[in-house]
Amino acid sequence: MIRRKGWKTQGGTSGDDRFYNKISEKFNEMMHRDIIHARPRRRRASNEIPNERETSGAHLLVNESGKYKSMLVRAYSTFWMILAFALIIYMGHLYIWAMVIVVQIFMAKELFTLRRKLHEENRLPGFWLLNWYFFFTAMLFVYGRILNQQLVNTVTTENHWYKLVGIFSKYHMVTCYFLYITGFIWFILSLKKKRYKYQFGQYAWTHMILIVVFAQSSFTVAIIFEGIFWFLLPASLIVINDIAAYVFGFFFGKTPLIKLSPKKTWEGFIGASGTTLISAFVLANFLGQFQWLSCPRRDLSTGWLNCDPGPLFKPETFTVPEWFPKWFHSSKINILPVQWHALWLGLFASIIAPFGGFFASGFKRAFKIKDFGDSIPGHGGMTDRMDCQMVMAVFAYIYHQSFVVPQSLSTKTIMDQIVLSMTLEELQALYTKVGQMIMEKELRLSSR
């Protein structure tokens with residue numbers, strides 16, 4: 001405040017003093033306004049996390065205001081997601097694969113945006129497009145490798161696509177390599193002075209995203225064609241575990257589980273683990289009744305499947321022990337052998353897979369955001385829903401290949417691999433040779 005040692009005349013305040021006082025008031029008013037605006041009140045962004053004091057264990061979900069509204073929004077979106085998921089499962093393997101691709105695109109978009117700086121990329125035309133170029137090149141490489149055999153099985157030798165598919169299969173790796181090299185050269189030519197650090201940072205970030213998204217989701221696609229059962233059961237167990245943890249934590253949660261995710265509680269974790277194990281055993285029995293889910297798909301067609309599901313999906317009868325509750329009237333019970341495998345999947349889904357969510361929580365805290373996106377009301381972004389699913393998908397595939405698939409190759413599998421690698425001329429020569437061998441064998445048998 002500006003003050004002046006003023007003086008008064010006998011007639012009161014002089015004209016000079018009145019003029020000075022007005023100037024002083026205006027100056028003080030301007031200074032007061034500048035002080036207020038020098039410290040603007042900072043509003044938190046919608047996707048920004050609160051500070052550590054706000055997220056301490058004292059503020060658990062059970063004590064937050066508006067929790068019922070949040071629960072209803074989450075339940076509503078969960079219902080529609082489960083409905084859409086069930087419809088896609090019914091439509092078959094190709095549609096599930098298409099769903100995985102859509103999920104990957106959403107995840108890549110959210111992760112690309114996380115480190116994107118518009119003021120930098122406005123000066124780098126085409127740089128955003130380069131990220132997506134690498135993304136679709138990686139998609140062609142991964143799915144070309146995984147679905148190569150299914151693609152060959154889809155087209156017959158009479159089909160005009162057969163020769164084109166054969167060329168793609170043979171030169172798939174070199175094609176993807178030169179596509180990547182083209183992107184690499186594109187990146188080098190796009191480098192601009194004073195933007196090197198940002199561009200190389202984005203280049204490394206893009207490759208990290210490709211590893212996270214494709215290295216894990218590729219296992220998802222591979223397990224789909226081994227039988228929808230092996231995709232649906234692990235995915236369902238993660239959903240059940242997530243819902244159960246939310247419900248138990250919502251009503252009973254009091255003890256914080258981990259600092260990275262303050263809303264997670266021990267009560268929710270333990271309640272969800274028990275629910276998931278029970279659900280795994282029961283759900284495996286239900287899903288194992290359908291051949292559409294248990295039969296593997298060896299091509300890219302969409303027709304209905306009929307096959308011998310194998311011993312894992314054939315019920316075995318067990319005698320109920322005497323200590324069983326009396327209300328259980330039957331003395332025998334039918335259990336599918338696959339239900340014992342389901343228990344191991346349920347154990348992993350309830351104890352290990354949640355650490356994928358904890359990793360994502362720590363990742364979001366590092367970038368000071370609440371969610372990866374807002375594409376799913378009440379849940380955040382697509383990446384927020386897929387953190388545990390990606391960990392589970394890798395385990396499901398490895399478990400299936402290690403403990404479910406027979407380790408010895410059958411004659412049919414070996415013959416399929418040989419035939420698929422042969423050209424049309426080689427197949428014709430093999431056909432002629434096999435015909436001659438059959439005729440010679442018939443002659444020897446008839447001469448005896």
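Structural data are supplied above this passage.
### As for the overall build of the protein chain
Link 1 in the chain: Looking only at helices and strands, the protein chain features 17 helices and 4 strands.
Link 2 in the chain: Per-residue burial over the protein chain gives 36% buried out of 448 residues.
Link 3 in the chain: Long-range pairs, those at least 24 residues apart, make up 73% of the contacts in the protein chain between residues at least 6 apart in sequence.
Link 4 in the chain: When the accessible area of the protein chain is evaluated, it comes to approximately 29,000 Å², of which 65% is carbon and sulfur surface.

### Section: the state of the cysteines
Link 1 in the chain: Applying the stated criterion across every chain yields a total of 1 disulfide.
Link 2 in the chain: Bridging Cys295 to Cys307, the disulfide has an S-S length of 1.8 Å. Between Cys295 and Cys307, the S-S dihedral sits near -100 degrees, and the bridge is therefore left-handed. With Cys295 in the loop between helix H12 (291-294) and strand S3 (316-319) and Cys307 in the loop between H12 and S3, this pair connects stretches of sequence that are 12 residues apart.
Link 3 in the chain: Classification of Cys307 by relative accessible area gives partly exposed; the value is 26%.

### As for the pairing of strand S2 (residues 261-265)
Along a regular strand, successive side chains alternate from one face of the sheet to the other.
Link 1 in the chain: For strand S1 (residues 256-258) and S2, the ladder comprises 2 bridges, and the chain directions are antiparallel. Pairing of Pro256 across the sheet is with Thr265, part of S2.
Link 2 in the chain: The turn linking S1 back onto S2 is made up of 2 residues.

### What to know about the side chain of Ser261
Link 1 in the chain: Looking at the element boundaries, Ser261 is found in strand S2.
Link 2 in the chain: Beyond its immediate sequence surroundings of up to four residues, Ser261 is in contact with Phe358 and Ser361.

### Concerning the pattern of salt bridges
Link 1 in the chain: Here the structure, examined in full by the defined rule, presents 5 salt bridges.
Link 2 in the chain: Among the charged side chains, a network of salt bridges with common partners joins Arg74, Asp242 and Arg385.

### Observations concerning helix H11 (residues 266-287)
Link 1 in the chain: Helix length check: H11 (22 residues) gives 30 Å between terminal C-alpha atoms against 32 Å at 1.5 Å per residue, within 8%.
Link 2 in the chain: Those residues of H11 that sit buried are Gly268, Phe269, Gly271, Ala272, Ser273, Thr276, Ser279, Ala280, Ala284 and Leu287.

Criteria and cut-off values
Residues numbered from 1 in each chain as written. Predicted model: local features only at pLDDT ≥ 70, side-chain atom pairs only at ≥ 80, totals over all residues. Heavy atoms only, no water. Helix = DSSP H or I, 4+ residues; strand = E, 2+ residues; numbered from the N terminus. Buried < 20%, exposed > 50% of the residue type's maximum accessible area, 1.4 Å probe, protein only. Contact = heavy atoms within 4.5 Å. Areas by Shrake-Rupley, 256 points an atom, 1.4 Å probe, with all protein chains shown as cover. Disulfide = S-S within 2.5 Å. Pairing = 2+ DSSP bridges. Salt bridge = Lys/Arg side-chain N within 4 Å of Asp/Glu carboxyl O. Expected span 1.5 Å × (residues − 1).

Remember, this is a structural readout, not a statement about activity or role.
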